[in-house]
Amino acid sequence: MNTIDSLKNKIFLASFSVGIVSTVAVLNPNLSIKLFGGFGVGASVAGVALGELITGQSVNIGLKSKEAFEKELSEKSTQVTNLQTTVDNLVKKSSSVLNEELTTKNQEIADLKSVVAQLNTTILHNYDIRKLLEDNLVKVRETLANKEAELKEVQTSLQNVGNFSTTEAYNIVKNTYARSVKKVEALLDALIRNHPQVAEFLQEVLLEVDNLRNRFIKKLSNYEELNSFDELLDVGLSLQEEIIDRCVSLKIKGQTIVIRFLQDFVNDAVPYTNHEKYISDLLHQAETQILETQKQGEQNKRAIAQEWVDSNNEMVERYEGEFSEVLNHAKHSVSRMQTMEQTICDLNQRINELEKPQEWRSNVLDAQKVGNSIIRFYWSQGIRLDRAFINNDPYEPVLYFASSRLDDITKIEELNKFSDSVQQHVELLLEPPHFSYNGEYGLLQTKIKLAIKPKLSKEELTDKIPDCKSVVSKAKRGFLITGHPGAGKTSAMKAISQWLGNEDTMRIALNPHDDETSSFTDSGFIELNDLEEIYEAIRQLDTELKLRGEDKTRRQTLIIAIDELGRIIKDAPDDLDVMEVLKQAAVEGRKLSIIILLGNHSQTTKAIEMDAQFRGAFYQLFLVGGATDKVNGIGAPALKQHEINWINSVAYPVLTIFNGRGVACQHPTHWAYKEYQDSGNPPMGLEDIDPITVTLGNQLYSPSMIIERELLSDADKSLIIKNKDVVNLKTTSGISTLIETVKGVKASKSEEYKRIKEAVLEYLKTIP
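Let us look at the structure shown here. (Residues numbered from 1 in each chain as written. Predicted model: local features only at pLDDT ≥ 70, side-chain atom pairs only at ≥ 80, totals over all residues. Heavy atoms only, no water.)

In terms of helices and strands, the protein chain carries 23 helices and 14 strands. Burial status across the protein chain gives 40% buried among its 768 residues. A separation threshold of at least 6 residues defines the contact pool for the protein chain, and within that pool the share at least 24 residues apart is 70%. Total accessible area computed for the protein chain in this model is approximately 43,000 Å², and 51% of it derives from carbon and sulfur atoms. (Helix = DSSP H or I, 4+ residues; strand = E, 2+ residues; numbered from the N terminus. Buried < 20%, exposed > 50% of the residue type's maximum accessible area, 1.4 Å probe, protein only. Contact = heavy atoms within 4.5 Å. Areas by Shrake-Rupley, 256 points an atom, 1.4 Å probe, with all protein chains shown as cover.)

Structure follows, in structure tokens:
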């Protein structure tokens, strides 16, 4: 907000200043100035209106967006918290109700056990059938034990019951009531039909059933009117428990009436001879009814438990869907807020950068250096001076500055009071600078006197330039080496490969020149000249990057020198992106122990599309003419004056650019030569290194390839293939005969014969 207000104030002050100047111009008798003043007044009014409109709209939009995001995030957070609280409460309440229901069922079993015990006491009075009754009681106990085990399983299932919805809970209570009452009435009707002698007593039980129906119909009616989810849950579970308990009690009461009637009938009316049969039937009937009652109770419990489980699963799925939707929406809102905050932060940083004073971008001229130093000094004092232009003079240049930017109004007195301090802090100033106002340009100006440094000789300049090795050794990428023919590109690549590697370093050169002898092999490189071999090696380089990224043990130092990239790209197959592979290798290679040395005649060759992005992947070395062209051309890097003088005066200058920063350095192999020659100045400081086998991707490149290429012509290879059967590769017997046939050379202990023998054996191994 402060930034927007500041921007608004600056626009207003700028418009006000333009308005004042324009008003003065209107009063001027010159028609052109009057016309300019009229336009200025209009621009001033438009600037004020536009500043008010832009800043007002920006503030409103920013505040509305912030309030909307904060409100939306707050609502979603509240919904998530309430939802989680509801879920936790439902789980706690459901578990409590189910535990109470299980306690009631255990009590029912205890009551049934009591009935059985009473029957057992009655039967034991008959001594003659005592054993039979004991056997039957054992069976009843076993049955009860099994039912208790089943009840424990039901208890375990019921513990998994969770949340349920309001409508489902209401339907469950109504269905439980209807089923339970219906079953009680059906049982009593059956008992009345089978035992009319006790119908009168059973009718009393039916009356209790009617009373039960009337009482619960009223309760269900009241229950249906409830709206609170918590009340529906608590009251519903309580009603369901009461319905089940009351119905079971009425069933037991009806069965008890019949059992007592049968017991009296057996005791009073049954002959002794038939007593055992009637007792057995009575026990069987009692056991059957008890089991049926228990079975019905278990079925009811399982049905209730299943209904709770189904309802819970459906509710959980619905809650999960809603919760995921809310959570995703909240994440989206947070992401949008973070994006806006980042945008605001970026804008603030951009504003801070724009608020800094503008300096001269180049430091080539001493006047530019002094001008930038003056700008920095006054900025440290809270005064902003923007560079305008320089009326350059070798000794007394005039520097022009712009001092008014929006709300900045710099007085000349404020500048001149620091004149002595400026001279003390700025080099090359012979006198304190004094500012004045230039009405023609509307700028501040100061004429300064410069202390001219004496020019250094070539030897003195060279002493201040570092050697190339000290500069290159700090690099963390591959190298792009540019120069005209004769600038020493190949020798520079050899020197760098020796600085960054040792005798155990794998080196391979991709050189498309049609030279009969290699120009890289004497520096430890295995050289490929055939374009098809070069393209295959580039494919293997792409594979090698992936393999080294996965396997750290594979990262032996590998240096790849590529000469004349333009020639390689010209005939590259369509399925091979040479530029992309080399760029990736240059950027990622150093951490994988791969160093790319790329030599080319011109970096700006449009035919190979070597753009700035590709060049930026490498550290760059400009040799000889490439260095002078770069320093004196458009977009020259910022260098110290003695570096520029040195590059323009010596025979073999080098300019390095690392991360946009230019540094002059000595030539890697031609630093001592005083005069430039296209040829005839051999490189210095190079060592002879024997090449070693190179592993590149899935391919091996061995030194024997070089020996074979040097010693065996195509005609020699044809003769070897034709006469290969005379040689036993396991014992090498017959090799001297084959060499004499192919090369006309008899066996000897000379080094030349050993090289020929090694080349022939290596070639034989490649023949199928």
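What follows is about the sheet that holds strand β5 (residues 478-482). Spatially, β7-β6-β8-β9-β5-β10-β11-β12 is the arrangement adopted by the eight strands of the open sheet, whose pairing is mixed. Of all the strands in the sheet, just β7 (526-528) and β12 (661-665) have a single pairing partner and so form its edges. Sheet twist, expressed as the mean angle between neighbouring strand axes with direction ignored, is 20 degrees. Pairing of β5 with strand β9 (residues 594-600) involves four bridges; the strand directions are parallel. Each residue of the ladder has a partner; that of Thr482, found in β9, is Asn600. Along the sheet, helix α13 (residues 489-500) makes contact with β5, β6 (506-510), β8 (558-563), β9 and β10 (618-623), crossing β9 at roughly 170 degrees. With respect to the sheet, helix α14 (residues 531-550) is in contact with β6, β7, β8 and β9, its orientation differing from that of β9 by roughly 150 degrees. (Pairing = 2+ DSSP bridges. Axes fitted to C-alpha atoms, helices over the stretch in contact; angles between N-to-C directions.)

Quick look at the packing of helix α22 (residues 735-743) against helix α23 (residues 751-766) now. Helix-helix packing: each pair is described by the crossing angle between the helix axes and the interaxial distance. Where α22 contacts α23, the axes come no closer than 11 Å and their chain directions differ by 100 degrees. One finds that α22 runs roughly perpendicular with respect to α23. For the pair formed by α22 and α23, the contact residues are Ile735, Ser736, Leu738, Ile739 and Lys743 on the first element and Tyr753, Ile756, Lys757, Val760, Leu761 and Leu764 on the second. Taken together, the residues of the contact of α22 with α23 sort by class into eight nonpolar, one polar and two charged. (Parallel < 35°, antiparallel > 145°, perpendicular 65-115°, else oblique. Nonpolar A, V, L, I, M, F, W, Y, C, P; charged D, E, K, R; others polar.)

The next thing to look at is α23. Residues three or four positions apart in an α-helix share a direction because the helix packs 3.6 residues into each turn. With 16 residues, α23 ought to run about 22 Å at 1.5 Å a step, and its terminal C-alpha atoms sit 23 Å apart, in line with that. The set of residues buried in α23 consists of Tyr753, Ile756, Ala759, Val760, Leu761, Tyr763 and Leu764. (Expected span 1.5 Å × (residues − 1).)

A sheet is described by the order of its strands in space; here four strands give the open sequence β1-β2-β4-β3, paired in antiparallel fashion. For this open sheet the edge positions go to β1 (386-391) and β3 (435-438), each flanked by a neighbour on one side alone. Strand-to-strand twist across the sheet, computed as the mean angle between neighbouring axes with direction ignored, equals 30 degrees. Judged from the four bridges that link them, strand β2 (residues 398-402) and strand β4 (residues 443-447) form a sheet pairing that is antiparallel. Bridging from a neighbouring strand, Val398 pairs with Lys447 of β4. Docked against the sheet, helix α8 (residues 366-380) engages β1, β2 and β3, running at close to 40 degrees with respect to β2.

Turning next to the pattern of salt bridges. This structure, assessed with the given rule, holds 13 salt bridges. A salt bridge links Lys449 to Glu396; the nearest nitrogen and oxygen atoms lie 4.0 Å apart. Separated by 53 residues along the polypeptide, Lys449 in the loop between β4 and α11 (458-463) and Glu396 in the loop between β1 and β2 bring together distant segments of the chain. Of the charged contacts in the structure, one is a salt bridge between Asp575 and Arg539, with a shortest N-O distance of 3.1 Å. Taken as a pair, Asp575 in the loop between α15 (565-570) and α16 (578-588) and Arg539 in helix α14 lie far apart in primary sequence, 36 residues in all. Each of Glu396, Glu431, Lys447 and Lys449 takes part in one network of salt bridges that share partners. (Salt bridge = Lys/Arg side-chain N within 4 Å of Asp/Glu carboxyl O.)

Take the side chain of Asn600 next. With respect to the helices, strands and loops of the structure, Asn600 is situated in strand β9. Polar contacts involving the side chain of Asn600 include one to the main-chain amide nitrogen of Leu565, which spans 3.3 Å. Within the local environment of Asn600, its side chain forms a polar contact with the backbone nitrogen of Gly566, the two atoms lying 3.2 Å apart. (Polar contact = N/O pair within 3.5 Å; in protein donor to acceptor, adjacent residues only side chain to side chain.)

Moving on to α8. The end-to-end C-alpha distance of α8 is 21 Å, a good match for the 21 Å that 15 residues give at a rise of 1.5 Å each. Every buried residue of α8 is listed here: Ala367, Gln368, Val370, Gly371, Asn372, Ile374, Ile375, Phe377 and Tyr378. Where α8 terminates, the next one or two residues include Gly382, which has phi positive at roughly 85 degrees.

Once that is clear, we can look at the packing of aromatic side chains. Enumeration over the complete set of coordinates arrives at 14 aromatic pairs. Their ring planes at 80 degrees and their centres at 5.5 Å tell us that Tyr400 and Tyr441 sit as a pair that is edge-to-face. Separated by 41 residues along the polypeptide, Tyr400 in strand β2 and Tyr441 in the loop between β3 and β4 bring together distant segments of the chain. Residue Tyr441 is classed as partly exposed on the basis of its relative accessible area of 43%. Here the aromatic cluster, defined as three or more aromatic residues joined through ring pairs, consists of Trp360, Phe377, Tyr378, Phe401, Phe418 and Phe435. (Phe/Tyr/Trp six-rings, centres within 6.5 Å; stacked < 30°, edge-to-face > 60°.)

Looking at the element boundaries, Val198 is found in the loop between α4 (166-194) and α5 (199-224). Linking Val198 and Arg260, residues 62 residues apart in sequence, is a C-alpha distance of 10.0 Å. Val198 has contacts with Ile257, Val258 and Phe261, leaving out every residue within four places of it along the chain.

Tracing the sequence through the fold places Asp393 in the loop between β1 and β2. Taking the C-alpha atoms as reference, Asp393 lies 9.5 Å from Leu450; in sequence the two are 57 residues apart.

Note that Asn529 resides in the loop between β7 and α14. From its side chain, Asn529 meets the backbone oxygen of Asn511 in a polar contact 2.9 Å long. At 3.1 Å, the side chain of Asn529 and the side chain of Glu527 are in polar contact.

Enumeration over the complete set of coordinates arrives at zero disulfides. No disulfide involves Cys468; its sulfur sits 3.8 Å from the nearest other cysteine sulfur, which is in Cys665. (Disulfide = S-S within 2.5 Å.)

A word on the packing of helix α21 (residues 714-722) against α22. Orientation of α21 relative to α22, taken along the N-to-C sense of each, is 140 degrees, at an axis distance of 9 Å. Taken together, the axes of α21 and α22 are oblique relative to one another. The handedness of the crossing between α21 and α22 is right-handed. Here Asp716, Leu719 and Ile720 of α21 come into contact with α22, specifically with Leu738, Thr741, Val742 and Lys743. When its residues are assigned to classes, the contact of α21 with α22 shows four nonpolar, one polar and two charged. (Left-handed = near helix turned anticlockwise from the far one by under 90°.)

Another aspect to go through is the environment of Gln666. By the secondary structure assignment, Gln666 is in the loop between β12 and β13 (694-696). Taking relative accessible area as the criterion, Gln666 reaches 11% and is therefore assigned buried. Distance in space between the C-alpha atoms of Gln666 and Leu623 is 9.8 Å, their sequence separation being 43 residues. Excluding anything up to four places from it in sequence, Gln666 contacts Thr462, Ile465, Pro466, Asp467, Cys468, Trp646, Val654 and Trp671.

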